[in-house]
Structures are given as C-alpha cells and as structure tokens.
Amino acid sequence: MLRSVFILYVFCLGCYILFTRQPDFFDGEKAPATIQMLYDSAAKQTIPAAVYQAGGNWHHTDARYFLRPIKLGDKVTVIYETATPETAAVYTFWGYWIGWGELLFTVFGYIVLLQIAYAVTTNPNAQSLKDQLSYEPEKKRKYND
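Residues numbered from 1 in each chain as written. Predicted model: local features only at pLDDT ≥ 70, side-chain atom pairs only at ≥ 80, totals over all residues. Heavy atoms only, no water.

Chemist: Any details on unusual backbone geometry? Residues and values, ideally.
Modeler: Residues Gln22 and Pro23 are joined by a peptide bond in cis, for which omega reads -5°. Structurally, Pro23 is set in the loop between α1 (2–19) and β1 (29–40). Of note in the backbone geometry, Lys44 takes a positive phi value of approximately 55° without being a glycine. Summarising the element assignment, Lys44 is placed in the loop between β1 and β2 (45–54). Taking the relative accessible area as the measure of exposure, Lys44 reaches 65% and is therefore exposed. Phi at Leu67 is positive, roughly 65°, even though this residue is not glycine. Along the chain, the position of Leu67 falls in the loop between β3 (57–62) and β4 (75–81). Taking relative accessible area as the criterion, Leu67 reaches 59% and is therefore assigned exposed. (Helix = DSSP H or I, 4+ residues; strand = E, 2+ residues; numbered from the N terminus. Buried < 20%, exposed > 50% of the residue type's maximum accessible area, 1.4 Å probe, protein only.)

Next up, the structure:
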C-alpha cells in the first residue's frame with residue numbers, strides 16, 4: 001500500500017507543479033538576466049534583483065529565495081508572460097518549480113492521508129473481521145437463461 005500511495009502522491013504533485021506555475025511555463029517566455037543590487041523601498045534595503053529586457057524595455061524582479069545562493073553579476077534566466085513582463089520569476093528548480101510552502105504542505109498532506117489510510121485498513125472490529133473470514137462467494141451460473 002505504501003508504494004501505491006507514494007506513486008499516487010508523486011503523480012498528483014507532478015501534475016500540480018506542472019500546471020500551477022506563475023508565470024505559466026507553457027505560455028511564458030524566457031530571457032537572460034543579470035543579478036544586480038537594487039534598492040527596495042518597501043523593505044528599505046538593497047536586494048538582489050534579476051534585470052532583463054522584454055519587449056524593448058528593461059524590467060527587474062526579486063531574485064531572493066531561501067537556500068538559493070545568488071551573487072552580484074550572476075547570469076540567470078527569467079520566465080515571464082508577454083502580456084505582463086514586469087511579473088517575472090527567476091527560472092530555477094528551487095524557487096520556480098518547487099517552493100517551501102507547497103513542499104511542506106504536500107509532505108504534511110501525504111503523511112496525514114497515509115495515516116488515515118492505515119487507520120481505516122488496520123484493526124477492524126470483531127464483527128467485521130468475522131464477516132470477512134466467513135465470506136463465501138455465491139455460486140453463479142456461467143450463462144443466464
């Protein structure tokens with residue numbers, strides 16, 4: 001049962017990841033970008049940003065992500081939608097494809113659903129166990145008249 005639940009988990013997670021990325025993987029355009037330090041007025045600090053050109057204009061997007069080392073001057077790829085090139089994401093496995101929130105949520109959900117499956121299938125009550133052990137299939141005719 002553990003193997004089949006894990007296969008189902010990986011399949012569902014793969015479908016979820018493939019079709020829920022923003023900007024969209026299938027409609028998005030990729031462009032080369034360079035990491036530069038820009039001042040973020042909301043955070044009131046200098047942050048690494050990926051600067052790229054889309055549609056003749058220069059845009060930038062936040063390049064910070066936990067456990068993704070980025071240094072000044074690094075060459076990266078960004079993905080954006082042509083309708084809104086200002087909303088881009090750095091195209092990396094850790095950050096674009098897999099994020100902390102969804103990874104923790106799916107692992108937690110997998111563990112909870114696995115525990116529910118074990119609770120339902122183990123330790124049946126006495127009457128149910130007796131019915132299962134005394135079950136005899138009904139004799140059926142091969143052909144109906």
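Chemist: Hey, could you go over the sheet that holds β2 for me, with residue numbers and the actual values?
Modeler: In sheet architecture, strand pairing relies on hydrogen bonds along the backbone and comes in two forms, parallel and antiparallel. One open sheet accounts for 5 strands, arranged β3-β2-β1-β4-β5; its pairing is antiparallel. The sheet terminates laterally at β3 and β5 (84–90), the two strands that pair on one side only. The mean inter-strand angle of the sheet, taken between neighbouring strand axes irrespective of direction, is 45°. Pairing analysis gives 6 bridges linking β2 to β3, with the strands arranged antiparallel. Pairing of Val51 across the sheet is with His60, part of β3. (Pairing = 2+ DSSP bridges. Axes fitted to C-alpha atoms, helices over the stretch in contact; angles between N-to-C directions.)

Chemist: Tell me about the packing of aromatic side chains, and name the residues and values.
Modeler: This structure, assessed with the given rule, holds 14 aromatic pairs. Residues Phe66 and Trp100 carry aromatic rings whose centres are separated by 5.6 Å and whose planes lie at 50° to one another, so their mutual orientation is tilted. Separated by 34 residues along the polypeptide, Phe66 in the loop between β3 and β4 and Trp100 in helix α2 (residues 100–121) bring together distant segments of the chain. Residue classification places Phe66 among the exposed residues on the basis of a relative accessible area of 55%. The class for Trp100 is partly exposed, based on a relative accessible area of 31%. Each residue in the set Phe19, Phe25, Phe26, Tyr91, Tyr96 and Trp97 is aromatic and connected to the rest through ring pairs, giving one cluster. (Phe/Tyr/Trp six-rings, centres within 6.5 Å; stacked < 30°, edge-to-face > 60°.)

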